[in-house]
Every structure is written in C-alpha cells, then in structure tokens.
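Structural characterization, general
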Amino acid sequence: MKFRAPANVFLHRAQITLILVALIPTVLTTPVGIVLLATGTGSVAIVAGVLVLAFCPSSLTGWILGSMFVSSGASLARVQSDFFSSVSHELRTPLTSIKMFVETLRDERVTDPEERKKCLTIMHQEMDRLEGLVQKLVELSKIESGQQAFAKNPVAIDEVVNEALGALKATVLGDTVDVKAEVESDLKTTGDKSALVQAVANLLVNAYKYTPKHQKVIQIVARARSDKHIEIAVTDNGPGI
C-alpha cells in the first residue's frame, strides 16, 4: 500500500516551490536590472536591463496568482477537514449511545421491563439518526458528482415547514425548544419536497445546536418576496456564522 501525503502537505510544498521558482529569482534579478540601466553605456546593456526589469513584474504577478490559487486550495482543504471532523463527530455520537445501551442490556443491569423498553426505544431512535446521517452523506456525494436528480412537483411551503419541524423534534430527543413559526397561507412552489424539507431541517438543527441552552428560541418565517420568489428564514440567538 502506497502512502499519500495529506493535501495540506502538498499545498505547503507548492508554496515553497512558488517561492523558489518565482519570488527568489525576482528579488535577485531586480538589482541586476537596475545596475545595468544605471551604469550601462551600450545599447546591449540597456536592452538587457529593460528585459530584466520587465521579467520581474511578470514573475511577481505569476507568484501572486499562484499564491492565490494555493491559498484557495488550502481553504478548500481546511473546509474538507472540518467537514470530515464534523461528520466523524456526528457519527460517533449515536454509535456511542447505541454501544452503551447494548452493554447495559447485555450485562442485565436493567431488570425493570419499562426501563428495558425505554432503552430499546432510545436505541431505535439513535439507529434512525445514524441511518439518516449516512443517507445525507450519500445524497451530498450525489449532489457533488452531479448525479442527484431533483423532482419538479408542486410543493406547499407549509407542509415543508411542518415536516422540517418534525425532523427537528426527532433530533432533539425530548429537549424543549421554543420554535415560533410564521408561514403565509397558500405559499406554493415547484421543486423537490424532500430536498426542501432536508434543507430547512438542517437550518433548524444548526440553530438548535448553536443556540445557548438558556436562549433556545428559534424562529422560522416563510413569506413571498415577489411573484417569483419565496423566502424561508431561520433565525436564532446563537453566535452566527
């Protein structure tokens, strides 16, 4: 099995290569061009000085553009790293919970039938949560690769909001959340209902996660912005993005 260095290592090497190939030669040749122009008496020396100084801005421009591309790649690598870290954390949470309840039931530490039933119910909820996370990853992969096919059907916005709120309740597992919903009547659009529900549910779940416990007040508003546009806004008391 061949080992591949992480993306940030390749980006760091690219930055060093840019410095060695473009920046350092530019810094070294600029004084040469200035000296040739200042002290040169023949036409050859003057032309050489002009060419050297003309090369310097071009090389410097190339270094700046290359640095911008490398920085963009580094930002993308950081986003991907943060995404995978977040996914790993989200997957680990239900797995840890399921493992704990399995060990509890295996060791017969819970003898009361009602308590056993409660443990099994929570395990089922966590398994549904885990299945949902995996399904989201599959859908994200399809969207990124352009293989996701979205339906185009009439969709009632109030149904989208209600189903997204239901998904939020399933995620918080009994925690009390104050959600204020304001949906204009008869709002309809054309699109993929399940995808819209997932998008709104993601906003609601993020609002729940990043709002302090003593300030868990979330508001969702759906309204027509114009004849062709509908806005669904989710607000909370969190730190913001």
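The following paragraphs examine the structure supplied in this document. Each chain has its residues counted from 1, following the order in which its sequence is written. Per-residue local features are limited, in this predicted model, to residues with pLDDT of at least 70; the limit for side-chain atom pairs, both in listing and counting, is 80 or more; totals at the level of whole chains, interfaces and linings are taken over all residues. To get the side-chain values, all heavy atoms of the structure are used, and hydrogens and water are removed first.

1. Quick look at the overall build of the protein
Starting at the N terminus, helices and strands are each numbered in turn, a helix being any DSSP run of H or I of at least four residues and a strand any DSSP run of E of at least two. Broken down by element type, the protein carries five helices and five strands. Throughout, exposure labels follow a simple rule: accessible area from a 1.4 Å probe, protein chains only, divided by the maximum for the residue type, with under 20% read as buried, over 50% as exposed, and the rest as partly exposed. A buried classification covers 21% of the 241 residues belonging to the protein. The long-range share in the protein, meaning contacts at least 24 apart out of those at least 6 apart in sequence, stands at 68%. In the form shown here, the protein has an accessible surface area of approximately 17,100 Å², with 61% of it arising from carbon and sulfur atoms. Here a residue-residue contact requires only that any non-hydrogen atoms of the pair lie within 4.5 Å. Accessible surface is estimated by sampling points in the Shrake-Rupley manner with a 1.4 Å probe; for residues, cover comes only from the protein chains shown.

2. Digging into the layout of surface pockets
Taken as a whole, the largest pocket encloses approximately 1,200 Å³ of empty space. Of all elements in the fold, only helix 2 (43-106), helix 3 (113-145), helix 4 (157-172) and helix 5 (193-209) reach the threshold of two or more residues within the lining of the largest pocket. Ranked by residue count, the leading element in the lining of the largest pocket is helix 3, at 11 residues. Amino acid classes used here: Ala, Val, Leu, Ile, Met, Phe, Trp, Tyr, Cys and Pro are nonpolar; Asp, Glu, Lys and Arg are charged; the rest, including Gly, are polar. Partitioning the lining of the largest pocket into residue classes produces 17 nonpolar, 13 polar and nine charged. We place a 1 Å grid over just the protein atoms. Points where a 1.4 Å probe fits but has no way out form a cavity, open points with protein on both sides within 12 Å along at least 5 of 7 lines form a pocket, and any residue with an atom within 4 Å of a point lines it. Grid points are joined across faces, edges and corners, and a volume is the space filled by probe spheres set on the points.

3. Re unusual backbone geometry
Here Glu108, not a glycine, exhibits a phi torsion of approximately 55°, which is positive. Here Glu108 shows up in the loop between helix 2 and helix 3. Exposure remark for Glu108: the relative accessible area of 61% places this residue in the exposed category. Located in the positive-phi region is Asp186, a residue other than glycine, with phi close to 60°.

4. Some thoughts on the sheet that holds strand 2 (residues 178-183)
The three strands are arranged 2-4-5 in an open sheet whose pairing can be described as mixed. Of all the strands in the sheet, the pair left with one neighbour each is strand 2 and strand 5 (230-235). In this sheet, adjacent strand axes meet at a mean angle of 10° when their direction is disregarded. We call two strands paired when DSSP finds no fewer than two bridges between them. Note that strand 4 (residues 217-224) and strand 5 share six bridges and pair antiparallel. All axes here are fitted lines through C-alpha atoms, helices being fitted over the stretch that makes contact, and every angle between N-to-C directions spans 0 to 180 degrees.

5. So, the pattern of salt bridges
Working definition: two side chains of opposite charge can pair if their charged atoms are close together. The rule for a salt bridge is simple: a side-chain nitrogen of Lys or Arg has to be within 4 Å of a carboxyl oxygen of Asp or Glu. For the coordinates displayed, the defined rule picks out six salt bridges. Here Glu159 makes a salt bridge to Lys193, at a shortest N to O gap of 2.9 Å. Of this pair, Glu159 sits in helix 4 while Lys193 sits in helix 5, and the two are 34 residues apart along the sequence. Residue Glu231 pairs with Arg225 through a salt bridge whose shortest N-O separation is 3.8 Å.

6. Here's the deal with the nonpolar core
Each nonpolar core is a collection of buried residues, namely Ala, Val, Leu, Ile, Met, Phe, Trp, Tyr and Cys, held together in the definition by side-chain atoms within 4.5 Å. The biggest cluster of nonpolar side chains holds 19 residues, and the ones touching the most others in it are Val161, Leu168, Val200 and Leu204. Aside from chain neighbours lying at most four places away, what touches Leu204 is Ala164, Leu165, Leu168, Ile218, Ile220 and Val234. In terms of nonpolar packing, the next biggest core, distinct from the first, is built from six residues, Phe101, Leu105, Val110 and Met123 among them.

7. Let's talk about the environment of Lys228
Its place among the elements puts Lys228 in the loop between strand 4 and strand 5. Separated by 39 residues in sequence, Lys228 and Thr189 have C-alpha atoms that sit 9.0 Å apart.

8. Details of the packing of helix 4 against helix 5
Two elements in contact, helix 4 and helix 5, have axes separated by 8 Å at closest approach and are oriented at 45°. In this view, helix 4 runs oblique relative to helix 5, as classed from their interaxial angle. For the crossing formed where helix 4 meets helix 5, the hand is right-handed. Between helix 4 and helix 5, the residues in contact are Glu159, Val160, Glu163, Ala164, Leu165, Ala167, Leu168, Thr171 and Val172 and Lys193, Leu196, Val197, Val200, Ala201, Leu204, Val205 and Tyr208, respectively. Counted by class, the contact of helix 4 with helix 5 contains 13 nonpolar, one polar and three charged residues. Should an angle lie under 35 degrees it is considered roughly parallel, over 145 roughly antiparallel, and from 65 to 115 roughly perpendicular; all remaining angles are considered oblique. In this scheme, a crossing is called left-handed if the near helix is turned counterclockwise away from the far one by less than a right angle; it is called right-handed if the turn is clockwise.

9. Description of a nonpolar patch on the surface
Where nonpolar side chains cluster on the molecular surface, the patch consists of Phe83, Phe84, Leu140, Ile143 and Phe150 and spans about 500 Å² of accessible area. With respect to the element layout, Phe83 can be found in helix 2. By relative accessible area, Phe83 is classed as partly exposed at 38%. Patches here are clusters of residues that have more than 30% relative accessible area and form no salt bridge, with a 9 Å joining cutoff for like charges and a 5 Å cutoff for nonpolar side chains (Val, Leu, Ile, Met, Phe, Trp, Tyr).

10. Here we look at helix 5
Under the convention used throughout, the expected extent of a helix is 1.5 Å for every residue step, that is, one less than its residue count. Over its 17 residues, helix 5 runs 24 Å from end to end, which matches the ideal 24 Å to within 8%, given 1.5 Å per residue. Where helix 5 is concerned, the buried positions are Val197, Val200, Ala201, Leu204, Val205, Ala207 and Tyr208. End-on view of helix 5: buried residues confined to an arc of 155°, all on one side of the axis. Taken together, the buried residues of helix 5 touch helix 4, strand 4 and strand 5. Directions pointing from the helix axis toward each C-beta atom define the arc.

Everything listed is a geometric property; what it means functionally is a separate question.
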